Amino acid sequence: MFWLTAALLLVPPSAVSAPPDAALSDSALSIEQAVSLARKQHPKLLAARAQREAAAAQVGVALAPLLPQLGLTVGYQRMTGNAAPRPGQGAGVEIDPNFDGFNYFSAALTLNQLVWDFGQTTARWHAAQATEDAAATNLRTARLDIEAGVRLAFVAAWGQKALLEVAEENQRSELRHLRQVELLVAADVRPAVELAKSRALVANAEANRLAALGALQGAMAQLAQAVGLEALPTQTLSEAAIGPVPGEDGEPEVAVAVALKRRPEPKALEYTREAQGLLAEAARDAYWPSFGVTLGVTDAGIDIENLGWNMSAGIGLTWNFYQGGLSERQATAAEALAEAAAAAAESARHTIRFEVNQALIELRTAKAQIAASDEAVVQAREQVRLAWKRGVNPRVY
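Reference entry: report on the structure contained in this document. The model shown is predicted, which means the values in this text are computed figures rather than measured ones. (Residues numbered from 1 in each chain as written. Predicted model: local features only at pLDDT ≥ 70, side-chain atom pairs only at ≥ 80, totals over all residues. Heavy atoms only, no water.)

**Some details on the overall build of the chain**
Step number 1: Assigned secondary structure in the chain consists of 9 helices and 4 strands.
Step number 2: Each of the 397 residues in the chain was classed as buried or not, and the buried ones make up 29%.
Step number 3: Surface summary for the chain: the accessible area is close to 24300 Å², and the carbon and sulfur share equals 59%. (Helix = DSSP H or I, 4+ residues; strand = E, 2+ residues; numbered from the N terminus. Buried < 20%, exposed > 50% of the residue type's maximum accessible area, 1.4 Å probe, protein only. Areas by Shrake-Rupley, 256 points an atom, 1.4 Å probe, with all protein chains shown as cover.)

**What about the packing of aromatic side chains?**
Step number 1: Scanning the model with the defined rule gives 5 aromatic pairs in all.
Step number 2: Their ring planes at 90° and their centres at 6.5 Å tell us that Trp319 and Phe321 sit as a pair that is edge-to-face.
Step number 3: Here Trp319 falls in the partly exposed class, since its relative accessible area comes to 40%.
Step number 4: Of the aromatic side chains, those joined through ring pairs into one cluster are Trp116, Phe118 and Trp288. (Phe/Tyr/Trp six-rings, centres within 6.5 Å; stacked < 30°, edge-to-face > 60°.)

**Topic: the nonpolar core**
Note that soluble globular proteins tend to have their nonpolar side chains buried in a common cluster.
Step number 1: Grouped together as the largest cluster of nonpolar side chains are 28 residues, with contacts concentrated most on Val150, Leu223, Val227, Leu232 and Leu237.
Step number 2: Elements represented by at least two residues in this core include exactly α3 (31–41), α4 (43–63), α5 (120–186) and α6 (192–227).
Step number 3: Counting residues in each nonpolar core, the second largest holds 7 residues, with Ala255, Ala259, Ile352 and Val356 among its members. (Core = buried A, V, L, I, M, F, W, Y, C linked by side-chain atoms within 4.5 Å.)

**As for the pattern of salt bridges**
When charged atoms on two side chains of opposite charge get close, those side chains can pair.
Step number 1: Throughout the structure, instances matching the rule amount to 18 salt bridges.
Step number 2: A salt bridge links Glu147 to Arg39; the shortest N-O distance between them is 2.7 Å. With Glu147 in helix α5 and Arg39 in helix α3, the pair connects residues that are 108 residues apart, well separated along the chain. Judged on exposure class, the residue Glu147 and its partner Arg39 are both buried.
Step number 3: In this structure, Glu206 and Arg209 form a salt bridge, with 3.0 Å as the shortest nitrogen-oxygen distance. Linking Glu206 with Arg209, this pair stays in helix α6, spanning 3 residues, or about one helical turn.
Step number 4: Classification of Arg209 as buried rests on a relative accessible area of 18%. (Salt bridge = Lys/Arg side-chain N within 4 Å of Asp/Glu carboxyl O.)

**Quick word on unusual backbone geometry**
Step number 1: Located in the positive-phi region is Phe118, a residue other than glycine, with phi close to 60°.
Step number 2: For Phe118, the position within the fold is in the loop between β2 (101–116) and α5.
Step number 3: The phi torsion at Asp188 lies on the positive side, around 60°, for a residue other than glycine.
Step number 4: Following the sequence through the fold, Asp188 ends up in the loop between α5 and α6.
Step number 5: Since its relative accessible area comes to 69%, Asp188 is described here as exposed.

**A look at the packing of helix α8 (residues 265–285) against helix α9 (residues 326–389)**
If you want to describe how two helices pack, look at the angle between their axes and the distance between the axes.
Step number 1: The N-to-C vectors of α8 and α9 enclose an angle of 165°; their axes lie 8 Å apart at closest approach. The angle between α8 and α9 places the two elements in the roughly antiparallel class. Once α8 is placed against α9, the crossing between them reads as left-handed.
Step number 2: Here the contact of α8 with α9 is built from residues that sort into 15 nonpolar, 5 polar and 7 charged. (Axes fitted to C-alpha atoms, helices over the stretch in contact; angles between N-to-C directions. Parallel < 35°, antiparallel > 145°, perpendicular 65-115°, else oblique. Left-handed = near helix turned anticlockwise from the far one by under 90°. Nonpolar A, V, L, I, M, F, W, Y, C, P; charged D, E, K, R; others polar.)

Right, dumping it as structure tokens:
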């Protein structure tokens, strides 16, 4: 389990990913099949993909103001034609209002094009692109986190399965020993207290077996949660071996450098910092005016078969030179968020260094423990061999 953590920190995704079309086994679930299931339907991964798509759409939203804006308006009115004098006009005109109605048809085609706004819109567009890059990197982060969670949960369940097998074997051993003690007590070879001790050992072995069974069931539930399912398709786990990771026995600094290069978290925060910096730039560019051109064609009249058309062209300047300090506050907020993202990126690098070094320490400690355990097994077998050689049953005392 420990060296698996190091593997996730050091190996590129392609080296630890399962083929997307891995078929589920009817009898056993492998670690790669569990990862494949998580990739297809884990809710967090689906949410990250949706956020990536939303960010991609926002790039188009930010680009739209730079493109021509074409609009068509068609209208129909039924109206009276009564004169309505205005101040300074219509003196001496006789007003005879009535309810006679007239048709009025109109159509207008308008083209507006932004010419220059001192980089406001362009900066927002580039900020949206950086945000999309951050979302894409976050998607990769989510995928790696989910895969790591599945692998760790699988190995934890695998370990609990092994512990259950040990508990079951210990229970069988204590039962065999109990039968031997019963025979010896019945033959008055051993005192009755030995029978009580042996029965206590059997009871303890049963308690340990039940505890191991409960731990396995809990580990399987955690594995299902890591995969993103309410229940796994099978409760049987494959025992395929997990090989070593290249570089796991190398120098820690080399492993840290590889992890910093491959891990996506700092890169996503750098994209976020870039986006906020561009938004601050756009906010400050809003101090300046924007220029645009307008082209229009109209067609209107009271007879739909005899309308009069007109054309127009113009250039406009819009300058919101005072908005109550809005632009300054927007720029200040964006700059603060950019600084926060830069600090978070540095914090992520520190975290990666710690995780890699901690994983390597745990890995090497586990390897040493395995070597010590192997030696203990060898010596225990030697003790049993010597006991039998002297004609003494090592389980009878």
